[in-house]
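# Summary of structural features
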Amino acid sequence: MAKRDYFGLGGIVSLILVIIPITSAICGFITRLKEGHIVAAILRIILGWNIIWILDIILMILNGRILRILKI
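Predicted, not measured: the structure shown is a model, and the values here were computed from it. (Residues numbered from 1 in each chain as written. Predicted model: local features only at pLDDT ≥ 70, side-chain atom pairs only at ≥ 80, totals over all residues. Heavy atoms only, no water.)

The next thing to look at is the packing of helix α1 (residues 11–19) against helix α2 (residues 21–34). With their axes 5 Å apart at the nearest point, α1 and α2 run at an angle of 110° to one another. Classified by the angle between their axes, α1 and α2 sit roughly perpendicular to one another. The segment α1 lies against α2, with Leu17, Val18 and Ile19 engaging Pro21, Thr23, Ser24 and Cys27. For the contact of α1 with α2, a count of residues per class yields five nonpolar, two polar and no charged. (Axes fitted to C-alpha atoms, helices over the stretch in contact; angles between N-to-C directions. Helix = DSSP H or I, 4+ residues; strand = E, 2+ residues; numbered from the N terminus. Parallel < 35°, antiparallel > 145°, perpendicular 65-115°, else oblique. Contact = heavy atoms within 4.5 Å. Nonpolar A, V, L, I, M, F, W, Y, C, P; charged D, E, K, R; others polar.)

Written out as structure tokens, the structure is:
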């Protein structure tokens, strides 16, 4: 199975983490910080409880990656 977005974990583990809202917000925040995108990480915490969470679930199912809004 290919590596997935959350810390290189397998697809099933990443999918479980993205379905739970709290873990999705925390893992998304940490993932964006790990990539060096501080502004995007802060936006994930502020906006991560609504549409971004739903889009993360859909994108994780379709292509195994979370939503990338900003690259800064």
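Read on for the rest.
By the definition in use, this model includes three salt bridges. Close ionic contact of Arg32 with Glu35 constitutes a salt bridge, the shortest N to O distance being 2.5 Å. Residue Arg32 is classed as buried on the basis of its relative accessible area of 2%. The class of Glu35 is partly exposed, set by a relative accessible area of 33%. Arg68 is the salt-bridge partner of Glu35, the closest N and O atoms lying 2.4 Å from each other. Of this pair, Glu35 sits in the loop between α2 and α3 (38–47) while Arg68 sits in the segment after α4 (51–63); the two residues are 33 residues apart in sequence, bridging distant segments of the chain. For Arg68, a relative accessible area of 22% translates into the label partly exposed. (Salt bridge = Lys/Arg side-chain N within 4 Å of Asp/Glu carboxyl O. Buried < 20%, exposed > 50% of the residue type's maximum accessible area, 1.4 Å probe, protein only.)

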